[in-house]
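Survey of secondary and tertiary structure
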Amino acid sequence: MSSATRTLISPATLARPRGKAIYWTVFTGVVVLFALAFLFPVYWMVTGAMKSPDEVAQTPPTLIPKHLHISGYTDAWDLMQLPQHLWNTVVQAAGAWAFQLVFCTAAAYALSKLRPAFGKVILGGILATLMVPAQALVVPKYLTAADLPFIHTSLLNDPLGIWLPAVANAFNLYLLKRFFDQLPQDVLEAAEIDGAGKLRILWSVVLPMSRPVLGVVSIFALVAVWQDFLWPLMVFSDTDKQPISVALVQLSQNIQLTVLIAAMVIASIPMVAMFLVFQRHIIAGISAGSTKG
Amino acid sequence: MTKTAERRPSPAAVGARQVPAPPPAGDRRRRRLLDQARAYGFLLGGLICFALFSWYPAIRAVVIAFQKYTPGSSPEWVGTANFTRVLHDPEFSAAWRNTLTFTLLALLIGFAIPFVLALVLNELRHAKAFFRVVVYLPVMIPPVVSALLWKWFYDPGAGLANETLRFLHLPTSNWSNGADTALVSLVIVATWANMGGTVLIYLAALQSIPGELYEAAELDGANLLQRIRHVTIPQTRFVILMLMLLQIIATMQVFTEPFVITGGGPENATVTVLYLIYKYAFLYNDFGGACALSVMLLVLLGIFSAGYLRLTRSGEDG
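For clarity, every value in this text was computed on a predicted model and none was experimentally measured.

Let's shift gears to the overall build of chain A. Helices and strands together make up the secondary structure of chain A, namely 15 helices and 0 strands. On C-alpha atoms alone, chain A measures out to a radius of gyration of 25 Å, which is more than a quarter above the 19 Å that the 2.2 N^0.38 rule sets for 293 residues. Projected onto its principal axes, the C-alpha coordinates of chain A cover approximately 70 × 65 × 35 Å. Counting all 293 residues of chain A, 38% fall into the buried class. Long-range contacts, defined as pairs at least 24 residues apart, comprise 71% of the intrachain contacts of chain A with a sequence gap of at least 6.

Before going further, it helps to spend a moment on the overall build of chain B. Of the regular secondary structure elements, chain B holds 15 helices and 2 strands. With the principal axes as the frame, chain B shows a C-alpha extent of 105 × 75 × 35 Å. Across the 318 residues of chain B, 43% fall into the buried class. Sequence-distant contacts, at least 24 apart, represent 67% of the contacts inside chain B between residues at least 6 apart.

One full turn of an α-helix is made of 3.6 residues, so residues set three or four places apart face in the same direction. Residues and elements named next belong to chain B. Under the 1.5 Å per step criterion, the end-to-end length of helix 9 (residues 182–207) is 37 Å for 26 residues, consistent within 8% with the ideal 38 Å. Along helix 9, the sharpest kink reaches roughly 50°, centred on Asn194. By the criterion of burial, helix 9 is predominantly enclosed, with 23 of the 26 residues buried.

How big an interface is tends to be reported as the loss of accessible area on association of its parts. Taken as a whole, chain B is organised into domain 1 (23–64) and domain 2 (83–317). Spacing between the C-alpha centres of domain 1 of chain B and domain 2 of chain B amounts to 39 Å.

Take unusual backbone geometry next. Cis rather than trans, the peptide bond between Thr59 of chain A and Pro60 of chain A has omega equal to -15°. Considering the arrangement of structural elements, one finds Pro60 of chain A in the loop between helix 3 (53–56) and helix 4 (71–79). A cis amide bond, omega -15°, links Gly265 of chain B with the succeeding residue Pro266 of chain B. Mapped onto the fold, Pro266 of chain B is located in the loop between helix 13 (256–262) and helix 14 (273–282). Of note in the backbone geometry, Arg115 of chain A takes a positive phi value of approximately 45° without being a glycine. Within the element layout of this structure, Arg115 of chain A appears in the loop between helix 5 (82–113) and helix 6 (119–131). Given 11 C-beta atoms within 10 Å, Arg115 of chain A falls into the exposed group. Phi is positive for Glu267 of chain B, close to 50°, though the residue is something other than glycine.

With that settled, consider the interface of chain A and chain B. Contacts between chain A and chain B engage 79 residues on the former and 86 residues on the latter. In terms of residue count, the dominant contributor to the side of chain A that touches chain B is helix 15 (residues 257–291) of chain A (13 residues). Class assignment for the residues of the side of chain A that touches chain B results in 54 nonpolar, 20 polar and 5 charged.

This paragraph deals with the packing of helix 6 of chain A against helix 9 (residues 170–181) of chain A. Residue and element names in this part refer to chain A. Packing of helix 6 against helix 9 leaves a shortest axis separation of 9 Å and a crossing angle of 130°. As judged from the angle between their axes, helix 6 and helix 9 are oblique. For the element pair helix 6 and helix 9, the recorded crossing hand is left-handed. Here Ile126, Leu127, Thr129 and Leu130 of helix 6 lie close against helix 9, whose contacting residues are Ala170, Phe171, Leu173 and Tyr174. Tallied by class, the residues present in the contact of helix 6 with helix 9 amount to 7 nonpolar, 1 polar and no charged.

What follows concerns the environment of Pro208 of chain A. In this structure, Pro208 of chain A sits in helix 11 (residues 198–209). Sequence separation between Pro208 of chain A and Gln135 of chain A is 73 residues; the distance between their C-alpha atoms is 34 Å.

Turning our eyes to something else, we now look at the nonpolar core. Residues Ala107, Ala263 and Met264 of chain A together with Ile277 of chain B are the most contacted members of the largest nonpolar core, which totals 162 residues. Residue contributions to this core peak at 18 residues, all from helix 9 of chain B. Sequence-distant contacts of Ile277 of chain B, that is, excluding residues within four places in its chain, are made with Val139 of chain A together with Ala290, Leu293 and Ser294 of chain B.

The subject of this paragraph is the confidence of the model for chain B. Here chain B averages 87 in pLDDT, while 91% of its residues score no lower than 70. For the stretch residues 1–18 of chain B, pLDDT sits under 50, and the model shows 5 contacts to residues farther than four places along the chain or on other chains.

Turning our eyes to something else, we now look at the confidence of the model for chain A. Per-residue confidence for chain A gives a mean pLDDT of 89, with 97% of residues at or over 70. For chain A, per-element mean pLDDT is lowest for helix 1 (residues 11–15) of chain A, which scores 84, and highest for helix 8 (residues 160–167) of chain A, which scores 96.

Let us now look at the environment of Gly110 of chain B. Residue and element names in this part refer to chain B. By the secondary structure assignment, Gly110 is in helix 5 (residues 90–123). Assessed through the 24 C-beta atoms surrounding it within 10 Å, Gly110 is described here as buried. As a C-alpha pair, Gly110 and Met244 span 134 residues in sequence and 9.9 Å in three-dimensional space. Leaving out residues up to four positions away in the same chain, Gly110 has contacts with Val187, Ala190, Thr191, Met195 and Gln247.

A few words on the packing of helix 5 of chain A against helix 12 (residues 211–227) of chain A. Residue and element names in this part refer to chain A. Taken N-terminus to C-terminus, the directions of helix 5 and helix 12 make an angle of 145°; their axes are 9 Å apart at the nearest point. Relative to helix 12, the crossing made by helix 5 is right-handed. Side by side, helix 5 and helix 12 meet where Thr89, Gln92, Ala93, Ala96, Trp97, Gln100 and Leu101 of the first sit next to Val217, Ser218, Ala221, Leu222, Val225 and Trp226 of the second. Tallied by class, residues from the contact of helix 5 with helix 12 come to 9 nonpolar, 4 polar and no charged.

Parameters and conventions
- Residues numbered from 1 in each chain as written.
- Chains lettered and ligands numbered in written order.
- Predicted model: local features only at pLDDT ≥ 70, side-chain atom pairs only at ≥ 80, totals over all residues.
- Helix = DSSP H or I, 4+ residues; strand = E, 2+ residues; numbered from the N terminus.
- Rg over C-alpha atoms; globule rule 2.2 N^0.38 Å.
- Buried ≥ 20, exposed ≤ 12 C-beta atoms within 10 Å, placed from the backbone.
- Contact = placed C-beta atoms within 7 Å.
- Expected span 1.5 Å × (residues − 1).
- Bend = angle between axes of the 7 residues up to and from the residue.
- Domains from an automatic or database assignment.
- Nonpolar A, V, L, I, M, F, W, Y, C, P; charged D, E, K, R; others polar.
- Axes fitted to C-alpha atoms, helices over the stretch in contact; angles between N-to-C directions.
- Parallel < 35°, antiparallel > 145°, perpendicular 65-115°, else oblique.
- Left-handed = near helix turned anticlockwise from the far one by under 90°.
- Core = buried A, V, L, I, M, F, W, Y, C linked by C-beta atoms within 7 Å.
- pLDDT = per-residue confidence, 0-100.

See the structure below:
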């Protein structure tokens with residue numbers, strides 16, 4: 001992290017006039033490249049939604065909208081029932097987050113600290129699901145959700161169809177378990193000697209010490225549900241219950257382009273906003289993932 | 001020492017309940033059972049979800065692959081009929097060809113670009129946070145939105161892609177609407193949308209290379225490219241391989257981009273294996289065929305996943 005770390009090019013080379021010139025040329029080049037490749041498409045989307053339908057179809061296109069129409073955004077909000085679909089997405093994401101936090105944390109705590117019989121077998125079974133790519137199993141998973149064994153209930157068109165499968169997240173569970181493994185044993189034992197029960201230890205000792213990993217798991221859980229497409233597409237055939245990602249695709253066929261683009265912008269705002277707020281934590285979390293495997 | 005010796009109760013005192021007697025064996029067993037029950041109480045919710053939505057579907061995929069399965073009626077065993085039917089579907093070979101080409105192109109484009117980008121970013125001393133945020137921004141845009149956005153860019157009329165080419169006085173392209181360019185167009189979308197993660201992870205790996213190695217190499221007269229070849233790449237070999245396997249696994253399951261942008265067309269040029277699975281299940285109502293395909297995909301991906309897991313294990317040891 002310190003500026004003294006030596007990389008490919010030595011500080012001495014960079015300090016020379018020629019090195020400085022090359023550095024600033026490359027730097028400017030990368031800034032321009034990033035602006036064009038990553039920011040410009042986003043700019044194009046946000047402003048495209050503000051153009052009139054004629055202007056958006058015009059060649060050559062206008063770089064800046066001639067008149068700023070917010071009607072694209074308001075139409076999208078009303079015509080595409082965005083409040084409904086956004087609300088559905090919020091409910092699905094929040095529920096999946098809560099279910100994961102409760103069940104994955106409890107299971108990770110049990111596997112890490114309570115020594116259940118066959119704990120190793122169970123952990124092995126959970127880790128084995130990492131080897132089985134989730135998407136390849138969507139069809140049998142769908143059939144299971146459509147008709148749960150023993151109780152013969154269908155989770156289709158029900159937020160539970162998102163919430164319960166979200167718990168079966170081996171990656172998050174393993175992340176939690178490994179973090180719990182590293183908690184100092186003597187603190188937990190001290191709490192036990194003080195007469196705290198297992199639930200009490202989890203709630204008052206383990207969880208407060210696990211804030212960083214809970215933050216990472218929360219973000220992963222929320223992003224995963226918000227970004228998912230194939231699974232909610234299968235689960236929600238009922239238009240009124242679809243999350244925004246599915247609704248956007250379903251409605252994209254027969255809606256005016258500017259309105260669709262506006263809806264796309266609105267659909268992106270929550271996750272992008274969350275990213276900008278928590279960017280340091282998110283980026284640190286992803287970077288840490290590489291070194292900790 | 002002497003004090004404890006003094007305080008040691010006489011055998012008679014032990015008998016007189018001053019020190020609790022060791023619990024009888026039955027009690028201990030009950031205690032242990034209680035502990036187990038408690039442990040499983042904590043595990044239960046997670047176990048049920050894993051059983052229902054991970055383990056059971058994996059078994060079921062294999063079972064249904066050998067059945068004629070229609071929801072609502074009892075399944076019939078049909079042997080390998082599902083596999084033969086799927087194998088004779090002209091879309092089958094197209095789907096596999098497309099998926100493998102997509103994966104290969106994604107490795108060439110989607111792997112080389114973030115790799116080089118991370119190398120360059122690691123040398124820049126200014127605006128570090130800005131670059132990291134900007135490169136990761138597309139990852140945070142919902143994949144459906146990225147797909148729809150690029151579908152609009154690829155529009156042959158007023159799409160941004162062709163407008164840019166016209167602006168540069170270059171010949172225009174059919175992009176996702178042409179049979180021979182569609183797949184590449186989708187690879188570009190997937191690369192744009194996903195490379196942020198690769199760049200950040202690779203960047204972190206680059207930062208863990210000890211600076212002395214570069215210094216030593218430079219003293220030995222190694223130029224920039226030689227330093228990349230003999231220091232950077234060997235030092236990050238593990239992360240490179242890990243990212244590569246992860247990307248292969250992810251791109252072989254590509255669905256959203258072809259589904260949203262091209263609908264599998266033109267002329268099946270972008271039907272992928274997962275898309276075909278979806279079609280079998282939800283268009284043809286042929287769940288047996290869909291599961292047969294899933295099993296094939298599963299076996300192939302399982303090989304890559306096993307490689308990935310072995311790699312991460314050995315990385316932890318070394």
